[in-house]
Amino acid sequence: HIQDPASQRLTWNKPPKSVLVIKKIRDASLLQPFKELCVYLTEENNMIVYVEKKVLEDPAIANDENFGPVKKKFCTFREDYDDISNQIDFIICLGGDGTLLYASSLFQGSVPPVMAFHLGSLGFLTPFNFENFQSQVTQVIEGNAALVLRSRLKVKVVKEHREKMTMQNGIEENGVVSANIEKEMGKQIMQYQVLNEVVVDRGPSSYLSNVDVFLDGHLITTVQGDGVIVSTPTGSTAYAAAAGASMIHPNVPAIMITPICPHSLSFRPIVVPAGVELKIMLSPDARNTAWVSFDGRKRQEICHGDSISITTSCYPLPSICFRDPVSDWFESLAECLHWNVRKKQNNFAVEEEE
């Protein structure tokens, strides 16, 4: 039986009690929507609201006496220090697509359902408008909403242990959380959950990147160019689309491999089945190192002997739809990317019969 994407619905085993509100920082236009939402959640719905500590450090929030009683009810946390993964029933994002990517990075295991309001610049992944937020949030709390399960990539980076890295407050100098690092047999292992894409590029070097790509242990090609993008269907409309890849609906189980400015006319983007294991390594004769980033974060250098293993994660991100998965996606293509917009061709004038 092939499942209809529209049949995926949000249902609660018990009424949700705790909500994580993620607000884009350093954006004054979001202060009023943030305050209105938090007042509605705490006073009208009696919800436990989790907010990142740095959001409340904004002077416009800290110095607002009217918002003080609401702020005292918040539970706060700090990224990379506090684990809230088992305390959140659902998430509300206020901002652009970056807020959804940030929400994904906070949950390295199971992710609560995410409701994203379009208050940023692009808004491809944020289908809700804030004007009618009360009724829309109420529908989600009541379990009356469609879902799209956005697949993520499970990424493992294995590095040859070359030098001891200093630790400060539990975080290493390169910004990687120490809890995600294992060290065994002279190797350093880091794991990430990625919603959009893994990007391997040539970094500051003037030489072409030269990396080998393996699929289930078999060498499939060597990338010579500016780099390569390994993306989810959700990420197909991000960097991969800019590099010439096809746009794939998030319900399609797939992994995309897209070269960045390849030095070959025949190197076309390809789509492989979800669940295969990709492995990327520097070619033995590569002139320079490579660099890798995960949804634009945790950027780090890859040297000879290091490897990046990528496969489909068993922890997708449940994204709450405004209408349904198909309608929302085509609406985003039209509104954000102006897909297939052109001036209409004129029809032939019909001559009147004499």
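In this text the structure is predicted, and so the values were computed from the model without any measurement.

With that settled, the discussion passes to the nonpolar core. Within the largest apolar cluster, 32 residues are counted, with the highest numbers of intra-cluster contacts made by F34, L37, L41, F74, I92, F117 and V137. Elements that contribute at least two residues to this core include exactly β1 (18-23), α1 (31-44), β2 (48-52), α2 (53-56), β4 (90-95), β5 (114-118) and α6 (133-141). Counting residues per element, this core draws most heavily on α1, at six residues. Excluding its chain neighbours within four sequence positions, the residues that come into contact with F34 are V21, K23, V51, V55, L56, I61, F67, F74 and L94. Of all hydrophobic cores here, the second largest spans 29 residues; its members include V155, V194, V230 and I280.

Attention now goes to empty space enclosed by the protein. The final tally for this structure, using the stated rule, is one cavity of 30 Å³ or more. Listing elements by their share of the lining of the largest cavity, those giving two or more residues are β6 (147-150), β22 (317-320) and α8 (325-336). Here the lining of the largest cavity gets four residues from one element, more than from any other, and that element is α8. When the residues that make up the lining of the largest cavity are grouped by side-chain class, the tally is nine nonpolar, three polar and two charged.

The final tally for this structure, using the stated rule, is 12 aromatic pairs. On the basis of an interplanar angle of 75° and a centroid distance of 5.4 Å, the ring pair of F117 and F130 is categorised as edge-to-face. Of this pair, F117 sits in strand β5 while F130 sits in the loop between β5 and α6; the two residues are 13 residues apart in sequence, bridging distant segments of the chain. No difference in accessibility class separates F117 from F130, as the two residues are buried. Every member of this aromatic cluster is reached through a ring pair, and the members are Y40, F117, F128, F130, F133 and F322. When the ring centre of Y81 is taken as origin, the NZ or CZ atom of R78, which lies over that ring, is 4.6 Å away.

Let us look at helix α5 (residues 97-106). Judged by how many residues are buried, α5 sits mostly within the fold: eight of 10 residues are covered. Those residues of α5 not exposed but buried are D97, T99, L100, L101, Y102, A103, S104 and L106.

Turning to α6, a few remarks are in order. Residues of α6 that are buried include every one of F133, Q136, V137, V140 and I141, and no others. In an axial view of α6, the angular spread of the buried residues amounts to 140°, which keeps them on one side of the axis. Buried-residue contacts for α6 involve α1, β4, β5 and β22.

Let us look at the domain arrangement of the protein. If you check the domain split of the protein, you get domain 1 (9-151 + 316-337) and domain 2 (153-162 + 177-312). For domain 1 and domain 2, the distance between their C-alpha centroids amounts to 30 Å. Considering only the side of domain 1, the residues that lose the most area to domain 2 are Q108, S151 and W329, jointly responsible for 36% of the buried surface there. The interface formed by domain 1 and domain 2 contains one salt bridge. For E79, the salt bridge goes to R297, with nearest N and O atoms at 2.9 Å. The interface formed by domain 1 and domain 2 includes five residue pairs in polar contact (both at pLDDT 80 or more). Those elements that place two or more of their residues in the side of domain 1 that touches domain 2 are α5, β6 and α8. Taken together, the residues of the side of domain 1 that touches domain 2 break down into 13 nonpolar, four polar and three charged.

Turning to its location among the elements, S231 is positioned in strand β15 (residues 227-231). Taking the relative accessible area as the measure of exposure, S231 reaches 0% and is therefore buried. When residues no more than four places from it in sequence are discounted, the contact partners of S231 are L153, N196, E197, S236, A240, I255 and M256.

Looking now at a nonpolar patch on the surface. Residues L122, V326, F330, L337 and W339 make up a contiguous nonpolar surface patch of about 440 Å² in total accessible area. Among the structural elements, V326 can be located in helix α8. Overall, the relative accessible area of 37% leaves V326 in the partly exposed class.

Axis separation between α1 and α6 bottoms out at 11 Å; the angle between their running directions is 45°. One element, α1, and the other, α6, form an angle in the oblique class. Considering the relative orientation of α1 and α6, their crossing is right-handed. Where α1 abuts α6, its residues E36, L37, Y40 and L41 lie against F133, Q134, V137 and T138. Its residues assigned to classes, the contact of α1 with α6 shows five nonpolar, two polar and one charged.

This part takes up the pattern of salt bridges. This structure, assessed with the given rule, holds seven salt bridges. The salt bridge involving D201 is made with R299; its shortest N-O contact spans 2.9 Å. Of the two residues, D201 sits in strand β12 (residues 197-201) while R299 sits in strand β20 (residues 297-302), which places them 98 residues apart along the sequence. On the basis of relative accessibility, which here comes to 15%, the residue D201 falls in the buried class.

What counts as what
Residue numbering note: each chain is counted from 1, following its sequence as written. For a predicted model such as this one, the threshold for reporting local features is a pLDDT of at least 70, and the threshold for listing and counting side-chain atom pairs is 80 or more; totals across whole chains, interfaces and linings nevertheless cover every residue. Working from all heavy atoms in the structure, the side-chain values ignore hydrogens and water. Grouping buried Ala, Val, Leu, Ile, Met, Phe, Trp, Tyr and Cys residues that are joined through side-chain atoms within 4.5 Å yields what is termed a nonpolar core. Throughout, exposure labels follow a simple rule: accessible area from a 1.4 Å probe, protein chains only, divided by the maximum for the residue type, with under 20% read as buried, over 50% as exposed, and the rest as partly exposed. Under the DSSP-based scheme used, a helix requires at least four consecutive residues in state H or I and a strand at least two consecutive residues in state E, with every element numbered from the N terminus. In what follows, a contact means two residues having at least one pair of non-hydrogen atoms within 4.5 Å. A 1.4 Å probe that fits into a set of points on a 1 Å grid over the protein atoms alone but cannot get out defines a cavity; an open set with protein on both sides within 12 Å along at least five of seven lines defines a pocket, and lining residues are those with an atom within 4 Å of a point. Grid points are joined across faces, edges and corners, and a volume is the space filled by probe spheres set on the points. In the scheme used here, Gly and all other residues not listed as nonpolar or charged are polar, with Ala, Val, Leu, Ile, Met, Phe, Trp, Tyr, Cys and Pro taken as nonpolar and Asp, Glu, Lys and Arg as charged. Under the pairing criterion, centres of Phe, Tyr and Trp rings, with the six-membered ring standing for Trp, must be within 6.5 Å; the plane angle then separates stacked pairs below 30 degrees from edge-to-face pairs above 60, leaving the rest tilted. By the criterion adopted, a ring carries a charge over it if an Arg CZ or a Lys NZ lies within 6 Å of its centre and within 35 degrees of its normal. The arc in question is the one traced by the directions running from the helix axis out to the C-beta atoms. Domain ranges listed in this record stem from an automatic or a database domain assignment. Summed over both partners, the accessible surface that disappears when two parts come together, traced with a 1.4 Å probe, is what is meant by buried area. Definition used for salt bridges: Asp or Glu carboxyl oxygen within 4 Å of a side-chain nitrogen of Lys or Arg. Whenever two N or O atoms come within 3.5 Å, that pair is a polar contact, provided that in protein one can donate a hydrogen and the other can accept it, and provided that, for residues adjacent in sequence, both atoms are side-chain atoms. Patches here: salt-bridge-free residues with over 30% relative accessible area, like charges joined within 9 Å, nonpolar side chains (Val, Leu, Ile, Met, Phe, Trp, Tyr) joined within 5 Å. In short, Shrake-Rupley with a 1.4 Å probe defines the accessible areas, and a residue's cover is counted only from the protein chains shown. In this analysis an axis means a line fitted to C-alpha atoms, helices contributing only their contacting stretch, and an angle means the value between N-to-C directions, from 0 to 180 degrees. Here roughly perpendicular refers to angles of 65 to 115 degrees, roughly parallel to angles under 35, roughly antiparallel to angles over 145, and oblique to all remaining angles. Each crossing gets its handedness from the near helix: less than a right angle anticlockwise from the far helix is left-handed, clockwise is right-handed.

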